[in-house]
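These are the residues of each chain, in order.
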Amino acid sequence: MTQTPEATKIYKGLAGVVVDTTRISQVNSDTNSLLYRGYPVQQLADKCSFEQVAYLLWNGELPTVEQLSEFEQQERAGRVLADNVKAAVDLLPVRAHPMDICRTAASVMGANHPLSEDSSREANMRKALDLFAAMPAVVAYDQRRRRGLQAVPARDDLNYSANFLYMTFGEEAAPEVVQAFNVSMILYAEHSFNASTFTARVITSTLADLHSAVTGAIGALKGPLHGGANEAVMHTFEQIVKDAAGADGTGADGSGSGVSGSVVAGSVKSWLDIALADKKKIMGFGHRVYKNGDSRVPTMKAAMDRMVAHYNRPDLGELYSALESAMGEAKNIKPNLDYPAGPTYHLMGFDTQMFTPLFVASRITGWTAHIMEQLEANSLIRPLSLYDGVDEREVP
Ligand code: COA
């Protein structure tokens, strides 16, 4: 067998490996804090629009009033879907996962873009803004298509979040719903060298174009260990409610209504015991970097609580708390951002499969900021591997 060099240490999953510097965000697991360009994400979620945060991530500073106004105008002008993007989406079956639709749309938008092969900072800024402006139209179009509904044209008198909800549901959302959605977009925007951002940086390091890097990043985000967890949280809740309704004799409607709190608590515990005994990962819990809780959860949980009150769904709040407590008792593992984000999007009316595409719409800002940063001091990302297959042999 191949000899393992004494000094070769394998870092499975690159855990604990620092591969580069970044000025975009700082995740500090000791203090459970997250800074975008130096600003605590909680303060940004409290005081800023998602448009301001996108500008900050790309430019390093919050916009002045004039800069914001120009930026908003550009974003509002880019909300239209090209005919061939619509046609490409229409060709895909509705049984395909909506992340496949996002991935394909990003790829087609890249092929369309007049600056596709130009990777100057100016061209990349333009392409990032165009993707940021158009992706909500893709998500809204696909959500409506799945419900057999006509597309709703964008409204340029509404901000990013209000227009996103308007294009999806065909009516103006209440201000508190727009505000909760804006918070979720800000919290999902950026998180240092997570798997999808690293994917974008790897692709960029080969000097491939921005849309190729974003398309690859969307693929990485789809997985349930990463962005797909927000959908999986809702499936967990649905399963627990189904079990509880069976135990209660009330019948399950998949919404959690009609199931009493005590039945829910008991069902959560028995569901969790079985899942943990089967060595299942409980989606929406745990994190590679944060081991004592995710810095973004309290802000998202507060937004979720406001939605629970707005839609009068205390049962969902109870389910959330029951699983959080049971998981704390059983494993001492805390929720990550996907745990409160999933139920929040459910309450707003999105189909469960659309949750990760919402994450895409937000994270485009972080991915593209990293793509531009990678190009400032590029080095091809190409790690080594230690061969442990069969020794050299002759072909018979
Ligand atoms: N459910 C059950 N057990 C979990 C868990 C979870 N969600 N997350 C971690 N653990 C346990 C592991 O089973 C392992 O236990 P062991 O040491 O007894 O084998 C231990 O905690 C360490 O977990 P590990 O998977 O090695 O940590 P990691 O840093 O590689 O994993 C995640 C991080 C995010 C992949 C993992 O927590 C996970 O799969 N979470 C669920 C998916 C999710 O919510 N992803 C979104 C992340 S923002």
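Bear in mind that the values here come from a model prediction, so they are computed numbers and not experimental data.

### A closer look at the sheet that holds strand β3 (residues 39–40)
Piece 1. Strands sit in the order β1-β2-β3 across an open sheet of three strands; the sheet is antiparallel. A strand with exactly one partner marks an edge of an open sheet, and here the two such strands are β1 (25–28) and β3.
Piece 2. Across four bridges, β1 lies against strand β2 (residues 33–36) in antiparallel orientation. Bridging across to β2, Q26 finds its partner in L35.

### A short note on the pairing of β1
Piece 1. Side chains of β1 alternate between two faces, with S25 and V27 buried and Q26 and N28 left unburied.
Piece 2. Turn length for the β1-β2 hairpin, with the two strands adjacent in sequence and antiparallel, is four residues, and the turn residue N32 shows positive phi of about 50°.

### Here we look at helix α8 (residues 175–188)
Piece 1. With 14 residues, α8 extends 20 Å between its outermost C-alpha atoms, agreeing within 8% with the 20 Å of an ideal straight helix rising 1.5 Å per residue.
Piece 2. By the criterion of burial, α8 is predominantly enclosed, with eleven of the 14 residues buried.
Piece 3. Residues V177, V178, A180, F181, N182, V183, S184, M185, I186, L187 and Y188 constitute the buried set of α8.

### Observations regarding the pairing of β2
Piece 1. Only one face of β2 is covered, namely the face carrying L34 and Y36; the face carrying S33 and L35 is uncovered.
Piece 2. Of the strand pairs in this sheet, β2 and β3 are connected by two bridges, and their pairing is antiparallel. By the bridge assignment, Y36 is partnered in β3 with Y39.
Piece 3. Hairpin connection between β2 and β3: a loop of two residues separates the two successive antiparallel strands, and R37 in this loop has a positive phi of roughly 50°.

### A look at a nonpolar patch on the surface
Piece 1. Where nonpolar side chains cluster on the molecular surface, the patch consists of Y11, L14, V17 and V19 and spans about 320 Å² of accessible area.
Piece 2. Inspection of the secondary structure assignment puts L14 in the segment before β1.

### Brief notes about the layout of surface pockets
Piece 1. When its volume is computed, the second largest pocket comes out at roughly 400 Å³.
Piece 2. Taken together, 19 residues line the second largest pocket, and the ones lying closest to its centre are L14, V17, V19, P383 and L384.
Piece 3. Partitioned by chemical class, the residues of the lining of the second largest pocket number twelve nonpolar, four polar and three charged.

### Some remarks on the site of the ligand
Piece 1. Taken together, 19 residues lie near the ligand, and K281, I282, G284, F285 and N336 sit nearest.
Piece 2. The separation between a nitrogen atom of the ligand and a polar main-chain atom of F285 is 2.8 Å.
Piece 3. Taking N336, its side chain carries an N or O atom lying 2.9 Å from an oxygen atom of the ligand.
Piece 4. Taking 850 Å² as the accessible area of the ligand by itself, protein coverage stands at 65%.
Piece 5. For the shell around the ligand, the residue count by class is eight nonpolar, five polar and six charged.

### What to know about the environment of G223
Piece 1. Looking at the element boundaries, G223 is found in the loop between α10 (210–222) and α11 (229–248).
Piece 2. It is 9.9 Å that separates the C-alpha atoms of G223 and A195, two residues lying 28 residues apart in sequence.
Piece 3. Ignoring any residue separated from it by four or fewer positions in sequence, one finds G223 in contact with G228 and A229.

### Focus on the confidence of the model for the chain
Piece 1. In the predicted model, the chain carries a mean pLDDT of 94, and the fraction of residues at 70 or more is 94%.
Piece 2. Low pLDDT (under 50) marks residues 251–259, which in the prediction has 20 contacts with non-local residues, meaning those over four places away or in another chain.

### Quick notes on the packing of helix α13 (residues 297–310) against helix α15 (residues 338–348)
Piece 1. It is at 9 Å that the axes of α13 and α15 come closest, and there the two elements cross at 25°. What the angle tells us is that α13 and α15 run roughly parallel. The hand of the α13/α15 crossing is left-handed. When α13 is examined against α15, the residues V297, M300, K301, M304, M307 and V308 are found in contact with a partner set consisting of P340, A341, P343, T344, L347 and M348.

### Describing the packing of aromatic side chains
Piece 1. Inspection of the entire model under this criterion finds 19 aromatic pairs.
Piece 2. Note on F50 and Y160: the rings are 5.0 Å apart at their centroids and 70° apart in plane angle, and the pair reads as edge-to-face. Taken together, the residues F50 in helix α2 (residues 50–59) and Y160 in helix α7 (residues 160–169) connect sequence positions 110 residues apart. You'll find F50 and Y160 in the same group, each marked buried.
Piece 3. An angle of 75° between the planes, with centres 6.1 Å apart, marks the rings of Y345 and F350 as edge-to-face. Each of the two residues, Y345 as well as F350, counts as buried.
Piece 4. Among the aromatic residues, ring-to-ring pairing joins F50, Y55, W58, F71, F132, Y160, F164, F169, F181, Y345, F350 and F355 into one connected group.

### Brief notes about α2
Piece 1. With nine of ten residues buried, α2 lies mostly within the body of the structure.
Piece 2. Taken as a whole, α2 has its buried residues at F50, E51, Q52, V53, A54, Y55, L56, L57 and W58.
Piece 3. Following α2 by one or two positions, G60 adopts a phi angle in the positive range, close to 90°.

### Some words on the pattern of salt bridges
Piece 1. One pass over the full model with this rule turns up 16 salt bridges.
Piece 2. D273 serves as the salt-bridge partner of K269, at 3.0 Å between the closest nitrogen and oxygen. Note that K269 and D273 are positioned in helix α12 (residues 261–277) at a spacing of four residues, about one turn of the helix.
Piece 3. Among the charged side chains, a salt-bridge network with shared partners connects R23, R121 and E376.

### What about the side chain of E190?
Piece 1. Assignment of secondary structure puts E190 in the loop between α8 and α9 (195–205).
Piece 2. The charged side chain of E190 is buried without a salt bridge, its nearest counter-charge being R363 at 5.3 Å.
Piece 3. Looking at E190, its side chain comes within polar contact range of the side chain of S25, at 2.6 Å.
Piece 4. At a separation of 3.0 Å, a polar atom in the side chain of E190 contacts the main-chain amide nitrogen of S192.

Here is what the cut-offs are and how they apply
Residues numbered from 1 in each chain as written. Predicted model: local features only at pLDDT ≥ 70, side-chain atom pairs only at ≥ 80, totals over all residues. Heavy atoms only, no water. Pairing = 2+ DSSP bridges. Helix = DSSP H or I, 4+ residues; strand = E, 2+ residues; numbered from the N terminus. Buried < 20%, exposed > 50% of the residue type's maximum accessible area, 1.4 Å probe, protein only. Expected span 1.5 Å × (residues − 1). Patch = residues over 30% accessible without salt bridge, like charges linked within 9 Å, V, L, I, M, F, W, Y side chains within 5 Å. Areas by Shrake-Rupley, 256 points an atom, 1.4 Å probe, with all protein chains shown as cover. Salt bridge = Lys/Arg side-chain N within 4 Å of Asp/Glu carboxyl O. 1 Å grid on protein atoms, 1.4 Å probe; cavity = no way out; pocket = protein on both sides within 12 Å on 5 of 7 lines; lining within 4 Å. Points joined across faces, edges and corners; volume = space filled by probe spheres on them. Nonpolar A, V, L, I, M, F, W, Y, C, P; charged D, E, K, R; others polar. Near = heavy atom within 4 Å. Polar contact = N/O pair within 3.5 Å; in protein donor to acceptor, adjacent residues only side chain to side chain. Contact = heavy atoms within 4.5 Å. pLDDT = per-residue confidence, 0-100. Axes fitted to C-alpha atoms, helices over the stretch in contact; angles between N-to-C directions. Parallel < 35°, antiparallel > 145°, perpendicular 65-115°, else oblique. Left-handed = near helix turned anticlockwise from the far one by under 90°. Phe/Tyr/Trp six-rings, centres within 6.5 Å; stacked < 30°, edge-to-face > 60°. Lys, Arg positive; Asp, Glu negative; His and termini not counted.

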